[in-house]
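Analysis of the macromolecular model
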Amino acid sequence: MSQDELKLSVARAAIDYVPDGKIIGVGTGSTANFFIDELAKIRDRIPATVASSKATAERLESHGIRVLDLNEVDSIPVYIDGADEISDSGAMIKGGGGALTREKIIASAADRFICIADESKQVAMLGRFPLPVEVIPMAHRLIARKLDALGGSARLRMKNDAPFVTDNGNYILDVSGLQIADPEALEAEINHYPGVVTVGLFARRGADVCLLGSPAGVKTLTFGRGKP
């Protein structure tokens, strides 16, 4: 099976986690896009969604699915999104698509986080995928030095020969070379650096369930977590 076929398989499986008549959170990225396309088939069952990026909102609305601002919503029973890496404990690296801050906000508001990914994203230790850190532009060199001191190598994300700018107007540093043995501790440390908006470690609020696409079928991993 191709990677796209694996992503489609978990996107279809995730539809079973969508409660009728409830507003749900929807993530960003290639796997989330497959989910959005599947969600369109049952759009009459959900009143609205909350999107983790402008790109996701546009894709949802193109299918006729209503998108609300988080401030208009009192509860989100489920948030469905992909991951760049996920550990055996349900901790994740996210942010390859640049939407890590809004993804983390919606995940924190949701009762359950359903991660959808192909099996290549499951790792014994996080860090093979560069860790994204969203930063205030004036602080990016300062924060890069702090991240380098942790043993990584921080590089400013670029697009078309200019710094990549998030939906929030910030920059992203991608940190390679880390072996993240304690994701919660590292998440807390980096988030305390002045100038950091958020780090793409989802450890304190990791996945509750992960649907992993494999040639043998969709594997369901349950972590027994929950909203902190």
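Please refer to the structure higher up on the page.
Presented here is a report on the structure given in the accompanying data block.

Cut-offs used in this document
Residues numbered from 1 in each chain as written. Predicted model: local features only at pLDDT ≥ 70, side-chain atom pairs only at ≥ 80, totals over all residues. Heavy atoms only, no water. Pairing = 2+ DSSP bridges. Helix = DSSP H or I, 4+ residues; strand = E, 2+ residues; numbered from the N terminus. 1 Å grid on protein atoms, 1.4 Å probe; cavity = no way out; pocket = protein on both sides within 12 Å on 5 of 7 lines; lining within 4 Å. Points joined across faces, edges and corners; volume = space filled by probe spheres on them. Nonpolar A, V, L, I, M, F, W, Y, C, P; charged D, E, K, R; others polar. Contact = heavy atoms within 4.5 Å. Core = buried A, V, L, I, M, F, W, Y, C linked by side-chain atoms within 4.5 Å. Buried < 20%, exposed > 50% of the residue type's maximum accessible area, 1.4 Å probe, protein only. Phe/Tyr/Trp six-rings, centres within 6.5 Å; stacked < 30°, edge-to-face > 60°. Lys NZ or Arg CZ within 6 Å of the ring centre and 35° of its normal. Patch = residues over 30% accessible without salt bridge, like charges linked within 9 Å, V, L, I, M, F, W, Y side chains within 5 Å. Areas by Shrake-Rupley, 256 points an atom, 1.4 Å probe, with all protein chains shown as cover. Salt bridge = Lys/Arg side-chain N within 4 Å of Asp/Glu carboxyl O.

Let us look at the sheet that holds strand S5 (residues 85-86). In space, the three strands of this open sheet follow the order S5-S6-S14, with antiparallel pairing throughout. Pairing within the sheet leaves two strands with one partner each, and these edge strands are S5 and strand S14 (201-202). As judged from the two bridges shared by strand S6 (residues 92-93) and S14, these two strands associate in the antiparallel manner. By the bridge assignment, Ile-93 is partnered in S14 with Leu-201.

If you add up the space inside the largest pocket, you get close to 250 Å³. In terms of lining residues, the largest pocket is bounded by 13 residues, among which Val-50, Ala-51, Asp-69, Leu-70 and Arg-102 are the most central. For the lining of the largest pocket, the elements supplying multiple residues, two or more each, are strand S2 (49-51), helix H3 (54-62), strand S3 (67-68) and helix H4 (100-109). Among the elements that make up the lining of the largest pocket, the one with the highest residue count is H4 (three residues). Along the lines of polarity and charge, the residues of the lining of the largest pocket split into eight nonpolar, two polar and three charged.

With that out of the way, let us pick up the environment of Ala-154. Positionally, Ala-154 belongs in strand S9 (residues 153-156). Along the backbone, Ala-154 and Leu-131 are 23 residues apart, and their C-alpha atoms lie at a distance of 8.8 Å. Setting aside anything within four residues of it in sequence, one finds Ala-154 in contact with Ala-144, Leu-147, Asp-148, Asp-174 and Val-175.

If you look at the biggest cluster of nonpolar residues, it comprises 24 residues, and the most contacted ones within it are Val-18, Phe-35, Leu-39, Ile-80 and Leu-211. Elements with a minimum of two residues in this core: helix H1 (3-14), strand S1 (24-26), helix H2 (30-39), H3, strand S4 (76-81), strand S7 (110-118) and strand S15 (209-214). Of the residues forming this core, the biggest block, four residues, is contributed by H1. Contact partners of Leu-39, with chain neighbours within four places excluded, come to Ile-15, Val-18, Ile-24, Val-26, Ile-46, Thr-49, Leu-60 and Ile-65. Ala-91, Ile-93, Leu-147 and Ile-190 belong to the second largest nonpolar core, which has 23 residues in total.

Further remarks concern empty space enclosed by the protein. All chains considered together, the criterion is met by one cavity of 30 Å³ or more. Approximately 30 Å³ is the volume found for the largest cavity. Lining the largest cavity, in full, are Gly-98, Ala-99, Leu-100, Thr-101, Arg-102, Glu-134, Thr-166, Asp-167 and Asn-168. Top contributing element to the lining of the largest cavity by residue count: H4, with three residues. Grouping the constituent residues of the lining of the largest cavity by class yields two nonpolar, four polar and three charged.

The geometry of two aromatic rings is summed up by the distance between their centres and the angle between their planes. In this structure the tally under the stated criterion is two aromatic pairs. Taking 6.5 Å as the distance between ring centres and 80° as the angle between the ring planes, the aromatic pair formed by Phe-113 and Phe-202 counts as edge-to-face. Taken together, the residues Phe-113 in strand S7 and Phe-202 in strand S14 connect sequence positions 89 residues apart. With a relative accessible area of 1%, Phe-202 lands in the buried category. A network of ring pairs unites the aromatic residues Tyr-79, Phe-113 and Phe-202 as a single cluster. Its guanidinium or amino end placed over the ring of Phe-202, Lys-104 lies 5.1 Å from that ring's centre, counting from NZ or CZ. The ring of Tyr-193 has Lys-146 sitting right over it, with the charged end atom 5.4 Å from the ring centre.

Turning next to a nonpolar patch on the surface. On the surface, a cluster of nonpolar side chains totalling about 310 Å² of accessible area is made up of Ile-136, Met-138 and Val-197. Here Val-197 lies in strand S13 (residues 196-199). Overall, Val-197 belongs to the partly exposed group, its relative accessible area being 32%.

What follows deals with the pairing of strand S8 (residues 131-135). Summarising burial for S8: five of the five residues are buried, a large majority. Neither face of S8 is open: one carries Leu-131, Val-133 and Val-135, the other Pro-132 and Glu-134, and all of them are buried. Of the strand pairs in this sheet, S8 and S13 are connected by three bridges, and their pairing is antiparallel. When the sheet's bridge partners are listed, Val-133 is paired in S13 with Val-199.

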